[in-house]
Each structure stands twice: as C-alpha cells, then as structure tokens.
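Spelled out, the chains give:
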Amino acid sequence: MSLTKSSSRKDLTEQNQYQNQNENQNQPKSTTIVKYEKSSCLFCNEWFDAQTFTEHLIHCGQVLEECPNGCQAFIPRIRMRSHLKECPRNQHNLSNQQRMSVSMDRLDRQSDQRLLVIEQDVGTIRSVLNEEIRQRLHLITDVGNIRKQNQVVEDWTRETEKAMDDLRRQMEEETNRKAFAIEQNQLDVQYCCDITQSLKEQVESRLDEAQKLVNQLSADVTYHQNQLNDNILKLEELIFENERLNREKFFQIEEFLQQINEDIKTKLGNSDYVTSKQATLDYEVKNVKNIVCETEERCDKLDRALHQTMQNISDLETQMAMQQRIASVQNIRGHLIWRIKDYSKKLEESKQYDTILHSAMFSNKAFGYALRLDIYLNGKGTWKGRNMIACLNVLSGEYDPLLAWPCRLQAEIIIRDQCTNVADAEDYVKTIFVRKKSDDFIQSNQYFHIPHKVITSRNYLRNDSMFIEVRVLK
C-alpha cells in the first residue's frame, strides 16, 4: 500500500510537471492569456477538474504499481490480478490459490467482461471529452483571435474617427474658403460689370462721335465733290473754248495761207521776196502746228487728270464706305459672291486708265480677318492686255489685336458658269494662299491670272455680267 501511495505521489509530481510544461508550451506569445480549468491524466489521458484530479490519481486503473511478489515488474492496477496469476514468484501459494481458483475464475470472467464494457464506455467518453476539449481549445483560440481583431478594429475605428474629424475640419475650412471665394468672385463680377458698363458707355459715346465725324466727312466729301464737279464743268467749258479759239485760229491761218499763195502767184518775178516770204510762212506754220500739238497734249493731260480725279474721288468714296463696312462687317462666313455688271465698259476703262475693281468687305469668320478681293480687268505688269489679274487682300480690321499673326489663309476663287442647265455648269476654280505678317506690315500680295479667252468662253460672261465667288477654306 505504501508503494502504491509513493508511486501515486511520483505520478502526481510527474503529472504536475508535465502540466506545467504543457502550460508553458501552450502559453501564447501574444498579450492574450488563456487559463485552462482542467488537466489530463498521463496514464489514461482523461481530463479532470483540479479538485478531482488528485483523487483520480489514487484510484486510476492505469497507474503502474510494482508486483508484490518481488518479480521487479510494474503492472497497471487494473491488470494486477491477472499478473499475480501468471507471476513466477507465486508458486508457493499455488495450493491456496487452487482452492480459490474456481470461485475467482468465475468472478474474473464476470469482472473482465464488465471491465471490457467499462473500458469501451470509458474510451467512448474519453474520445467525446477529448473532442469537446479540442473544440474548447479551438474556441479559446478563436476568442483570442477575435479579441485581437477587436483590438485592431478598435484601433482602426479610433484612427478612422480621427481621420473623419480631420476631414470634417478640412471640409469646414474648404467650405469657408469656397464661401469666401464665391463672395470674392461676386465682388469681382460686380466690378467687371461696372467696368463693362462704363466701357460700353464710353464706346457708345465714341461711336456717336465717330458717326458724327463720318457724317462730317461725308458732308465734306459731298462739298468737295460738288466743287470738283463745278471745276470739271468749268474745265470742260475752258477746253471747249480753247478748241473753238484754236479752230478759229486755224481757219484764220488757212485764210492767211491762201492770201499768201495768191500774193506768191502775183509776185513771182521777185524771187528773193518769195523765198523770204516762204520761209516766214513755213516758220509760222511750224509754230501753229506746235501750238496745235501742245494744245492737244494739254487736252489729253487734262482728260487724264480729270479721269484720275474722278478715280480718286471714287477711291475716296470707296474708302469711306470701306471704313464704315470695317466697323460693321456683315458677311462673317468667309463666303462672298460678287456680281460685276457692265463688264465691257469697265474693261475699256481699265484699258485706258488702269482702274481697279474692289469687292465688298467680308470676314473669314465672326470677329475674324477683314478681307477684300481686288481685280484688274485688263491685267497688270507683264500680264497686262491678255489676262484678268486678281488678289485677296487682308485689310486692317477692328479685331486685329485679338487675332493670330502672321495671317495664313487659303481660299478658292471661282468664276461661276451661268449655264441654263445647272447640272452642265463647269465653274472655273483657282486656289490662292494669303499671307500677312501683322496688321502693321504691308501685305505681299499673291496675284493669280485668268486669260480673257477663258472668260469669254462658255457662259462665264452673260448679259455683260460676271459672277465671282470667294470661299475661304482655312
């Protein structure tokens, strides 16, 4: 019995040491501490509470005990009876045991059967308990993980709340800044409206002044035109009077020559007198011819000066109209159709006086470049007499400071075919490039020529009128 108690104490000590090792090994490294409320037996692997663990070790059937016969064998308590029957040191008690063998065998068989049933039940209970313990350990581990996750979630929640507070503060600051910016923008808009109103009033006043100035210039032009017309009439009267006087002088010279011829016939005897008289007459005739030639040249010069004056007046009127059109260009689509009437008359004037035809003002787009087509019907330079020369000019406009310079444009000049059947019409098309450095520089014009025989062919010229179309491509 004392051996049994000592072995039980030894087993209890080993069990406690093993339990402490398991606790040290199973202790998690994290801050979560798991405290086990049950311990397992080293001999039967069953789990017991701390209160019943010691009592279980005293009565556990799997605890090893030394054989009482001194055979130096350690047998589990539950197998001790079977070992005593088979122990080699148990021969001297054989006679006593034989007497008891009959009754004991019967008891042993019954007890073995019961023990087998109990062992099976205990094994089942042990497996169920082990499974429950494993599930509890898993649950404990999951609880520890959940606690860690909760800690992480709490930390993240605190950081999120802090970030949300920062965002709210930033949103409030941004709202305040936007409110201040909106207020400042409203003040700026009001200031711009006031400036725009004042500028509008100034522009309207300046437009009124410009209109008054244009009206004054128109009145001055009308006055000067009337004066020029009066001067032209006086000049024509003077020319007619000079022609009349020259004609009368010419008649007088003819009469005088006839008288001289008659005198020559009557005085043929005096040869010296005739020779001197003939020389005098020749000299006077030369003087008269020189006077007539000078008069004719003066008449031609006056005629040219008169036509040049009329051309200048027309150019002045055209410039005045152009200035008015520049202020308000109506054609802003980059498309112009120009009808030239009385083509034959204007061609003759161009042959005599080198006149230039100017189209109406137009623009390539809204608030774009101011454009005009100029045409020399009888040509210019080396192309004169055989071709019609034209060019597209970029004029000074109201919106030049807002436009891109240098100016680069491409346009198509089209002479429309005035055929009765529109489907059979074949227009004559020319492409031209327009370049100008800036509104301060003189434009280097690019001219294009159209032969007169092309214009007179097909139906480009009909009813002494010609249609020219301009399309600005870019």
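All values derive from a computational prediction rather than experimental measurement. (Residues numbered from 1 in each chain as written. Predicted model: local features only at pLDDT ≥ 70, side-chain atom pairs only at ≥ 80, totals over all residues. Heavy atoms only, no water.)

Asks: Is there a simple way to explain the overall build of the protein chain in this structure?
Replies: A tally of helices and strands in the protein chain yields seven helices and 13 strands. For the protein chain, the residues scored as buried account for 24% of the 474 residues in total. A fraction of 59% describes how many contacts in the protein chain between residues 6 or more apart in sequence connect residues 24 or more apart. Carbon and sulfur atoms provide 53% of the accessible area of the protein chain, an area that totals close to 34000 Å². (Helix = DSSP H or I, 4+ residues; strand = E, 2+ residues; numbered from the N terminus. Buried < 20%, exposed > 50% of the residue type's maximum accessible area, 1.4 Å probe, protein only. Contact = heavy atoms within 4.5 Å. Areas by Shrake-Rupley, 256 points an atom, 1.4 Å probe, with all protein chains shown as cover.)

Asks: For this particular structure, what's the right way to read the nonpolar core?
Replies: One broad rule of soluble globular proteins: the nonpolar side chains tend to lie buried together. Leu-371, Leu-373, Ile-375, Met-388, Leu-392, Met-466 and Ile-468 are the most contacted members of the largest nonpolar core, which totals 33 residues. With five residues, strand E10 (residues 407–415) is the single largest residue contributor to this core. With sequence-adjacent residues up to four places away left out, Ile-375 is seen in contact with Trp-338, Ile-340, Thr-355, Ile-356, Leu-357, Met-388, Ile-389, Ala-390 and Ile-468. Judged by nonpolar contacts, the second largest core, of seven residues, contains Phe-48, Phe-53, Leu-57 and Cys-60. (Core = buried A, V, L, I, M, F, W, Y, C linked by side-chain atoms within 4.5 Å.)

Asks: Is there a simple way to explain the packing of aromatic side chains in this structure?
Replies: Any aromatic ring pair is given by two values, namely how distant the centres are and how the planes are angled relative to each other. On inspection of all chains with the given rule, the structure shows four aromatic pairs. Aromatic pair Tyr-369 and Trp-405: ring centres 5.3 Å apart, planes at 80°, arrangement edge-to-face. Remark: Trp-405 occurs in the loop between strand E9 (387–395) and E10 and Tyr-369 occurs in the loop between strand E7 (362–363) and strand E8 (370–376); sequence separation between them is 36 residues. Relative to Tyr-460, the ring of Tyr-428 lies with its centre 6.5 Å away and its plane at 70°, an arrangement referred to as edge-to-face. Here Tyr-460 lies in the loop between helix H7 (452–455) and strand E13 (466–472) and Tyr-428 lies in strand E11 (residues 428–436), a separation of 32 residues in the sequence. (Phe/Tyr/Trp six-rings, centres within 6.5 Å; stacked < 30°, edge-to-face > 60°.)

Asks: Teacher, can you tell me more about the pairing of E9 here?
Replies: Strand residues, when the strand is regular, have side chains that alternate between the two faces of the sheet. The element E9 is largely enclosed, with a buried count of nine among its nine residues. In the sheet, E8 pairs with E9 via seven bridges, with the strands oriented antiparallel. Bridge pairing links Asp-374 to Cys-391 in E9. The pairing of E9 with strand E12 (residues 448–451) spans four bridges and is antiparallel. (Pairing = 2+ DSSP bridges.)

Asks: What is the right way to look at the state of the cysteines in this model?
Replies: Disulfide: a covalent bond connecting the sulfur atoms of a pair of cysteines. Following the criterion strictly, the structure yields zero disulfides and no others. Of all cysteine sulfurs, the one in Cys-192 lies closest to Cys-193, which takes part in no disulfide; the gap is 7.0 Å. Classification of Cys-193 by relative accessible area gives partly exposed; the value is 42%. (Disulfide = S-S within 2.5 Å.)

Asks: What should I look at first to understand the side chain of Asn-393 in this one?
Replies: Its location among the elements puts Asn-393 in strand E9. Residue class for Asn-393 comes out buried when judged on its relative accessible area of 8%. Of the polar contacts made by the side chain of Asn-393, one reaches the side chain of Asp-374; its length is 2.2 Å. (Polar contact = N/O pair within 3.5 Å; in protein donor to acceptor, adjacent residues only side chain to side chain.)

Asks: I'm lost on the pattern of salt bridges in this one. Help?
Replies: If charged atoms from side chains of opposite charge come close, those side chains can pair. Applying the stated rule across the entire model yields 13 salt bridges. The salt bridge partner of Asp-354 is Lys-384, with a shortest N-O separation of 3.0 Å. One end of the pair, Asp-354, is in the loop between helix H6 (343–353) and strand E6 (357–358); the other, Lys-384, is in the loop between E8 and E9, and 30 residues separate them in sequence. Look at Asp-354 and you get partly exposed, because its relative accessible area is 42%. One continuous salt-bridge network, built from bridges that share partners, spans Arg-416, Asp-427, Glu-469 and Arg-471. (Salt bridge = Lys/Arg side-chain N within 4 Å of Asp/Glu carboxyl O.)

Asks: Sorry, what's going on with the pairing of E8 here?
Replies: The buried count for E8 comes to seven of seven residues, which makes it a mostly enclosed element. Along E8, one buried face is formed by Ala-370, Arg-372, Asp-374 and Tyr-376 and the opposite face, lined by Leu-371, Leu-373 and Ile-375, is buried too. Relative to E8, E7 runs antiparallel, the two being bridged by two bridges. Pairing of Phe-362 across the sheet is with Leu-371, part of E8. Linking two consecutive strands that pair antiparallel, namely E7 and E8, is a turn of six residues; a positive phi of about 60° is found at Phe-367 within it.

Asks: How do you make sense of H6 when you look at a structure like this?
Replies: Note: α-helices contain 3.6 residues per turn, so residues at a spacing of three or four share the same orientation. When H6 is considered as a whole, its buried residues turn out to be Tyr-343, Leu-347 and Ser-350. Down the axis of H6, the sector holding all buried residues measures 60°, keeping them to one side. Check the buried side of H6 and you find it contacts H7 and E13. Two residues or fewer past H6, Asp-354 is found with a positive phi of approximately 55°. (Arc of directions from axis to C-beta.)

Asks: What am I meant to see in the side chain of Arg-372 here?
Replies: If you trace the backbone, Arg-372 turns up in strand E8. Exposure remark for Arg-372: the relative accessible area of 12% places this residue in the buried category. Here the side chain of Arg-372 touches Asp-374 through a polar contact of 2.9 Å, side chain to side chain.

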